Every structure is written in C-alpha cells, then in structure tokens.
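Chain and residue survey
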Amino acid sequence: MKTLKTQVAIIGAGPSGLLLGQLLHNAGIQTLILERQSADYVQGRIRAGVLEQGMVDLLREAGVSRRMDAEGLVHDGFELALDGELTHIDLKTLTGGQSVMIYGQTEVTRDLMAARAAAGAVTLYEASNVQAHDLKTERPWVTFEHQGETFRLECDYVAGCDGFHGVARQSIPAESLSVFERVYPFGWLGILADTPPIHAELVYAKHARGFALCSMRSKTRSRYYLQVPVDESLEAWPDERFWDELKTRLPGPLAQRLVTGPSIEKSIAPLRSFVVEPMQYGRLFLLGDAAHIVPPTGAKGLNLAASDVSTLYRILLKVYREGRVDLLEKYSAICLRRVWKAERFSWWMTSMLHQFPEADGFSQRIAQSELEYFIHSQAGRQTIAENYVGLPYEAIE
Ligand SMILES: Cc1cc2nc3c(=O)[nH]c(=O)nc-3n(C[C@H](O)[C@H](O)[C@H](O)COP(=O)(O)OP(=O)(O)OC[C@H]3O[C@@H](n4cnc5c(N)ncnc54)[C@H](O)[C@@H]3O)c2cc1C
C-alpha cells in the first residue's frame, strides 16, 4: 500500500468538495480530493442554478467568478403564479438591495475544476473503495484504490463532501447520529431545452393539476419542472406531453409565450427533506448533501453546501493560522442553525405550492389562505424574499 500525506482530505468533487479545496488551496492549506466518478461525469451533471448572494461572494473570494460575473444573470425578483394570477416578489426592494444570480451548477463545477487544475492541486477521479479511519484520533487516514493500486492517505482532517449517497456519513457509527427526514409523495420531472426562457425571471406556479417551475440556465437555455407522482416513469413523458402540461399549469398569457423544443435532458428527482445531527464526528466534517437534503422548491441545496464550506473554511483558517482548535467543535452547531432555517423555508415553499394527494379539503383551504396572506402582506412578501436571497452566514469569532 502506498502512503500519501495531505492536510485536509476531501471526499467528493461536487461543488462542496471543489469549493472547499479551492479556498483552502488559495490559503496555502494542502488538500487532496478523492472522487468516485470520472471528471467528465462530474462535469456533465445537470442540477441547481440559483445562487444566493452569499455563494456568489464566496465564489468571488475563491477567485473563480470571472465567467459567472460575465455570463450569470442577476435576478432582482421572481414571479409566483397562483391559480392563473401573477404576483411579483421584488427581492431587491423587499430585502434592501439583495438579489440572486442565475448560473448553472454545471458551470460552477466547470470553473472550479479548471481553477483547481490551473493551480496544480490534485483531484483523483475514479477513486474507488474510499474509507475513512481513526476519525476520533489526531491522525485520521483514508484508504482508497486508484488505477489498480491501494493507497493510504494520512491527513489532519477529513471533509465529507460526497453527497447523499456517499461514504463519509456512513463512516459515523449510527448511534452517534440523529436523522430527521421527510419524504414527499411527489417528484419533479425536469426538462432542459435550448429555447429562450418563457420569462425574464423565474416563475413558480401553483395549479390544481400540480406545481410547475419555469427556470433557466442562460438567455438561450431553459429549465422547466412539473410536479409528478413519485413513481412516475420518464417514458410516460414524451416532450410534447411535457410542453402541453406545462402550458396548462401556467397563466394563459404567459403560456402563450412558451417556446418549445427538443429536450436535451429529462429526469425525475424525488423530493426529500433530510438532516443528520451532528455534522461532525471527531476529525470528520460533513458538508452539503452528505449532511442535508432539501426539496429544490426554495433553491437552497447548492447554497447550503456553500455556507457549510464557508464555515469549515473559516474555522480551518483559524486552526492553521492561529491554533484555534477550540473552534472545531463548533462547526456542526454553526452550520445546523442555518441549515434548519433553509430546511424550514424549503419545506414551506414545497407545502404551499404543491398538491398533496392525501390533503383533505380543510388542509387545502388552510394552505391556500396562508399563501394568500403571505403574498398580500408586505411583511409576508418580505419574509419570502429574505429567505429566498439567503439568510446571512454566521461570523466565526
Ligand atoms: C437531480 C438533482 C437536481 C437538483 N436540482 C437542484 C435545484 O434545482 N436547485 C438546488 O438548489 N439544488 C438542486 N439539487 C441539489 C444540489 O445539486 C446539491 O445540493 C449539490 O450538488 C450539493 O453539492 P455537494 O457537493 O454537497 O454534493 P454532490 O453534488 O452530490 O457531490 C458529491 C460528490 O461526491 C462524489 N461521491 C459520492 N460518493 C463517493 C465516494 N464513496 N467516494 C468518492 N466520491 C464520492 C459524487 O460522485 C459527487 O461528485 C439537485 C440535486 C440533484 C441530485
């Protein structure tokens, strides 16, 4: 077995792992990233696209914002379509000047991968059988296989950035973790198409037939979603059926503007809320989807990954520069305070905008009136807006 050494071993080259790696590398802290998939596979995944101001700022701090700043679309608001009527949520006015950036996770990943390669920092793609050991000691280590050889990676800390199905969370004894979970009785059928977006801003539509979202990745690439039953099959949704159903769920004048075209990606994602506590075990820290999942309705998944990265990065900076090892044990509590607020908002947006098959008439009326209350009250719109643009990151003392 060959032995390697680094300061922070990062498992997973998704946005969490790559962004943490870039920030630490820039600060002179050594990292090595182990990724199960190939670089092409990682780069090809189509996922999130709405970046909060906090994530935008963090990407700038990491020095990977040149393309985002040139090509990303700044959105100062979004539309809520409730039973055919549009309500504009003016993020900028309601939050005192904040907005969100539309820039695809695929592009964020590409920029981070390019920056890491340019910096000469190592990512080992197609690393298999990754396992973390001795996490409760001062010398944790990680074993893995790469190109037919077995390696032992010795490190100071392990960052578990390997997503919901990764190995990091599983390295923690079950009795040391509490799991909080809600699985929703529907999924999102998503389509990506090289067509101009239907509207300049995102449109979240509540309709008796189910939720719909009109999103985008650029001025020429649209991303649309439909609420579908959780056990729906993709084969049941040829493009024409998707476009027809989307038009039905949108207000008439908006639907007339829809430009359709062949899908370049189509998938169904289940919706889930999930949190594990704590987000650390000895010298292992969980970040992003490895620790929590939100339904995408609040556009929070990728953004929560970024706030975890910010927290761990700032703690590790103080650990390496000032010897502040006392901060390490605060990581989980700091992250979870923000995570739960985003979980609440994502659950709320999901509950308000979707049709729940089991909901009785009373529950439906309550949801309807709660939503009407929020959108017709300045305070309600402000609450939606401040959560949507992202709550502030907690300062590390
Ligand atoms: C289909 C889909 C659609 C989504 N859409 C949205 C959206 O519209 N809006 C939104 O806000 N969020 C969305 N999300 C959520 C968002 O994409 C995630 O929150 C974000 O990717 C989290 O980043 P991460 O780096 O923590 O995890 P991931 O992106 O999952 O990255 C984890 C990485 O670890 C690697 N890995 C896993 N296991 C191992 C192992 N054993 N060893 C080594 N490497 C491993 C994986 O290959 C992957 O590269 C979506 C997620 C999915 C799955």
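Residues numbered from 1 in each chain as written. Predicted model: local features only at pLDDT ≥ 70, side-chain atom pairs only at ≥ 80, totals over all residues. Heavy atoms only, no water.

**Focus: the UniProt feature "domain: FAD-binding" (unreviewed entry) in the protein chain**
Per the UniProt entry, the sites bearing "domain: FAD-binding" (unreviewed entry) are residues 5-346 in this numbering. Across residues 5-346, helical content stands at 31% and strand content at 32%; the span's end C-alpha atoms are separated by 40 Å. (UniProt positions renumbered as here; feature names shortened; annotations may be inferred. Helix = DSSP H or I, 4+ residues; strand = E, 2+ residues; numbered from the N terminus.)

**Topic: the packing of helix H1 (residues 15-26) against helix H3 (residues 53-61)**
Running from N to C, H1 and H3 cross one another at 45 degrees; their axes reach a closest spacing of 10 Å. In terms of their interaxial angle, H1 and H3 are classed as oblique. The two elements H1 and H3 meet at a crossing, and its hand is left-handed. Judged by residue contacts, Leu19, Leu23 and Asn26 of H1 engage Leu58, Leu59 and Glu61 from H3. Its residues assigned to classes, the contact of H1 with H3 shows 4 nonpolar, 1 polar and 1 charged. (Axes fitted to C-alpha atoms, helices over the stretch in contact; angles between N-to-C directions. Parallel < 35°, antiparallel > 145°, perpendicular 65-115°, else oblique. Left-handed = near helix turned anticlockwise from the far one by under 90°. Contact = heavy atoms within 4.5 Å. Nonpolar A, V, L, I, M, F, W, Y, C, P; charged D, E, K, R; others polar.)

**Focus: the nonpolar core**
Counting 81 residues, the largest nonpolar core has Leu19, Leu20, Leu34, Leu51, Leu286 and Leu287 as the members making the most contacts within it. In terms of residue count, helix H9 (residues 301-322) provides more of this core than any other element does, 10 residues in total. Among all residues touching Leu34, those that are not within four sequence positions of it are Ile10, Ile11, Gly12, Leu124, Ala127, Val130, Val142, Phe144 and Leu153. Grouped together as the second largest cluster of nonpolar side chains are 35 residues, Val100, Leu353, Ile375 and Val389 included. (Core = buried A, V, L, I, M, F, W, Y, C linked by side-chain atoms within 4.5 Å. Buried < 20%, exposed > 50% of the residue type's maximum accessible area, 1.4 Å probe, protein only.)

**Considerations on the sheet that holds strand E7 (residues 85-90)**
With mixed pairing, the 8 strands of this open sheet are ordered in space as E7-E6-E15-E16-E17-E14-E18-E21. Pairing within the sheet leaves two strands with one partner each, and these edge strands are E7 and strand E21 (292-293). Examined bridge by bridge, strand E6 (residues 77-82) and E7 share 6 bridges and lie antiparallel to one another. Paired with Glu79 across the two strands is His88, which belongs to E7. Its contacts with the sheet place helix H11 (residues 361-376) against E6, E7 and strand E15 (203-206), and it is angled at close to 145 degrees to E6. (Pairing = 2+ DSSP bridges.)

**Points about the state of the cysteines**
The final tally for this structure, using the stated rule, is 0 disulfides. Here Cys161 stays free of any disulfide, with the sulfur of Cys335 as its closest cysteine sulfur at 11 Å. You can call Cys161 buried: its relative accessible area is 6%. (Disulfide = S-S within 2.5 Å.)

**Some details on helix H7 (residues 239-249)**
One full turn of an α-helix is made of 3.6 residues, so residues set three or four places apart face in the same direction. Residues Asp239, Phe242, Trp243, Glu245, Leu246 and Arg249 constitute the buried set of H7. Taken around the axis of H7, the buried residues stretch over an arc of 165 degrees, which confines them to a single face. On its buried side, H7 packs onto strand E14 (178-193), E15, strand E16 (212-216), strand E17 (222-229) and strand E18 (263-277). (Arc of directions from axis to C-beta.)

**Notes on the site of the ligand**
Near the ligand, the surroundings consist of 29 residues, among which Ser16, Glu35, Arg45, Gln105 and Asp289 are the closest. Between the ligand and Pro15 there is a distance of 3.2 Å, counted from an oxygen atom to a backbone nitrogen or oxygen. One nitrogen or oxygen atom from the side chain of Tyr225 is found 3.5 Å from an oxygen atom belonging to the ligand. Contact with the protein chains covers 86% of the free accessible surface of the ligand, which is 990 Å². Listing elements by their share of the shell around the ligand, those giving two or more residues are H1 and H9. (Near = heavy atom within 4 Å. Polar contact = N/O pair within 3.5 Å; in protein donor to acceptor, adjacent residues only side chain to side chain. Areas by Shrake-Rupley, 256 points an atom, 1.4 Å probe, with all protein chains shown as cover.)

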